[in-house]
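Close look at the chain arrangement
Spelled out from the first residue to the last, the chains are:
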Amino acid sequence: MASEDVKRSKSAVSTIVNLAEEAKIAREGVKAPSHAFLSISKSLVAGGVAGGVSRSAVAPLERLKILLQVQNPHSIKYNGTIQGLKYIWRTEGFRGMFKGNGTNCARIIPNSAVKFFSYEEASKGILYLYRQQSGNEEAQLTPVLRLGAGACAGIIAMSATYPMDMVRGRLTVQTEKSPRQYRGIFHALSTVLREEGPRALYKGWLPSVIGVVPYVGLNFAVYESLKDWLIKSKPFGLVEDSELGVTTRLACGAAAGTLGQTVAYPLDVIRRRMQMVGWKDAASVVTGDGKSKVPVEYTGMVDAFRKTVRYEGFGALYKGLVPNSVKVVPSIAIAFVTYELVKDVLGVELRISD
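About the cut-offs
Residues numbered from 1 in each chain as written. Predicted model: local features only at pLDDT ≥ 70, side-chain atom pairs only at ≥ 80, totals over all residues. Heavy atoms only, no water. Helix = DSSP H or I, 4+ residues; strand = E, 2+ residues; numbered from the N terminus. Buried < 20%, exposed > 50% of the residue type's maximum accessible area, 1.4 Å probe, protein only. Contact = heavy atoms within 4.5 Å. Areas by Shrake-Rupley, 256 points an atom, 1.4 Å probe, with all protein chains shown as cover. Salt bridge = Lys/Arg side-chain N within 4 Å of Asp/Glu carboxyl O. Expected span 1.5 Å × (residues − 1). Core = buried A, V, L, I, M, F, W, Y, C linked by side-chain atoms within 4.5 Å. Axes fitted to C-alpha atoms, helices over the stretch in contact; angles between N-to-C directions. Parallel < 35°, antiparallel > 145°, perpendicular 65-115°, else oblique. Left-handed = near helix turned anticlockwise from the far one by under 90°. Nonpolar A, V, L, I, M, F, W, Y, C, P; charged D, E, K, R; others polar. pLDDT = per-residue confidence, 0-100.

Turning to the overall build of the chain, a few remarks are in order. When helices and strands are tallied, the chain shows 11 helices and two strands. Ordered by position from N to C terminus, the α and β elements of the chain give α-α-α-α-α-α-α-β-β-α-α-α-α. Residues counted as buried form 45% of the 354 residues belonging to the chain. Considering only intrachain contacts with a sequence separation of at least 6, the fraction spanning at least 24 residues in the chain is 78%. Working note: accessible area of the chain is about 18,200 Å², and carbon and sulfur atoms make up 64% of it.

Pasting the structure below:
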């Protein structure tokens, strides 16, 4: 009897152990895709929040930059950062400062979400291929590889949301004196599609793609490289416990943004000007209120560069650079810091829920 009891006890213990192992395997099998989905969602949410917060913080400067880029050179209304902001406030009030910001946020949130997520996925893919090719499983991304990942992310995100950016540019330069008003992003999209055709929604796409390489690529590459260097060298006591403080992250983002926007800025000017071509009943800032020469028409990117330099000089390629420089440093810095902070918050919540 005793031996039978022992056998039954062993059998019961064995059954419990087997059930526990099966439960563990089943739990892990279900948990893996769940965590993968949560990780993707976390990147998308963090990127979207980062883009919306950063652009809203500098909306008046963003609008002024575009106005300076596209205004008719024969009828100057905005002549510098301070004067331009004062003019907007005097003629359009507080709402004028943020005109187009709602549309910008509607565009930038999905754009930033896709951009940050694409960068992480592209970085993983490039790192995997690099390790396979080099045979070194401990290899890390070089600045050149980070540049490639950043450029891929920027092109994917920009192409996915470009029609929204095109109409956002037109909505931003509208004033009360514009002959006809777009009522919002969907009205603008449908009007452009109906009057100018589907290709019009991608006017200026080529210089945008070319500009993505130095702008987005350098932003990510410089930011990540600065972070790695600071963590490894720990200069001036800026790093504690292998973590960068918010102020240090802000400085890294500012440096990355400044370099990227300076290199790519002429392409941004050309992009905006090409977006205004073919606009029936264009905004008064583009036409000069009908009191001056009509705006120049462009047949393509090269033609836009050539005519801009011929009629307005080389400096025209940097119109709006000052407000853009003032804008881009805090904008990019806030975007990067917000992204990492939101990811940290979401990460804590996910660990608690586990």
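Here the narrative resumes.
Glancing now at the pattern of salt bridges. According to the stated counting rule, one finds 21 salt bridges in the structure shown. Each of Glu62, Lys65, Arg107, Asp165, Arg168, Asp268, Arg271, Arg272 and Lys327 takes part in one network of salt bridges that share partners.

Attention now goes to helix 2 (residues 59-70). With 12 residues, helix 2 ought to run about 16 Å at 1.5 Å a step, and its terminal C-alpha atoms sit 17 Å apart, in line with that. The buried count for helix 2 comes to 12 of 12 residues, which makes it a mostly enclosed element. Every buried residue of helix 2 is listed here: Ala59, Pro60, Leu61, Glu62, Arg63, Leu64, Lys65, Ile66, Leu67, Leu68, Gln69 and Val70.

Looking at soluble globular proteins, one finds that nonpolar side chains tend to be buried together. Tyr78, Val167, Val173, Val192, Trp279 and Val285 are the most contacted members of the largest nonpolar core, which totals 49 residues. Among the elements that line this core, the one with the most residues is helix 5 (residues 143-173), at eight residues. Sequence-distant contacts of Val192, that is, excluding residues within four places in its chain, are made with Met166, Val167, Arg170, Tyr182, Gly197, Ala200 and Leu201. Of all hydrophobic cores here, the second largest spans eight residues; its members include Leu267, Met274, Met301 and Leu317.

This part covers the packing of helix 5 against helix 7 (residues 205-233). Contact geometry for helix 5 and helix 7: axes closest at 7 Å, N-to-C directions at 135°. Comparing their axes, helix 7 and helix 5 come out oblique. Helix 5 and helix 7 meet at a crossing whose hand is right-handed. Taken together, the residues that form the contact of helix 5 with helix 7 break down as 14 nonpolar, six polar and three charged.

It is worth spelling out the packing of helix 2 against helix 5 at this point. The geometry of helix 2 relative to helix 5 is characterised by a closest axis approach of 9 Å and an angle of 90° between their N-to-C directions. It follows that helix 2 is roughly perpendicular to helix 5 by the angle criterion. For the pair helix 2 and helix 5, the contacting residues are Glu62, Arg63, Ile66, Leu67 and Val70 in the first and Arg168, Gly169, Thr172 and Val173 in the second. For the contact of helix 2 with helix 5, the class distribution of residues is four nonpolar, two polar and three charged.

The next point concerns the confidence of the model for the chain. Residues with a pLDDT of 70 or more make up 82% of the chain, whose mean pLDDT is 79. Between residues 19-33, whose pLDDT stays under 50, and residues either more than four places distant or in other chains, the model counts zero contacts. Every residue in residues 348-354 is under pLDDT 50, and counting partners more than four places away or in other chains gives three contacts.

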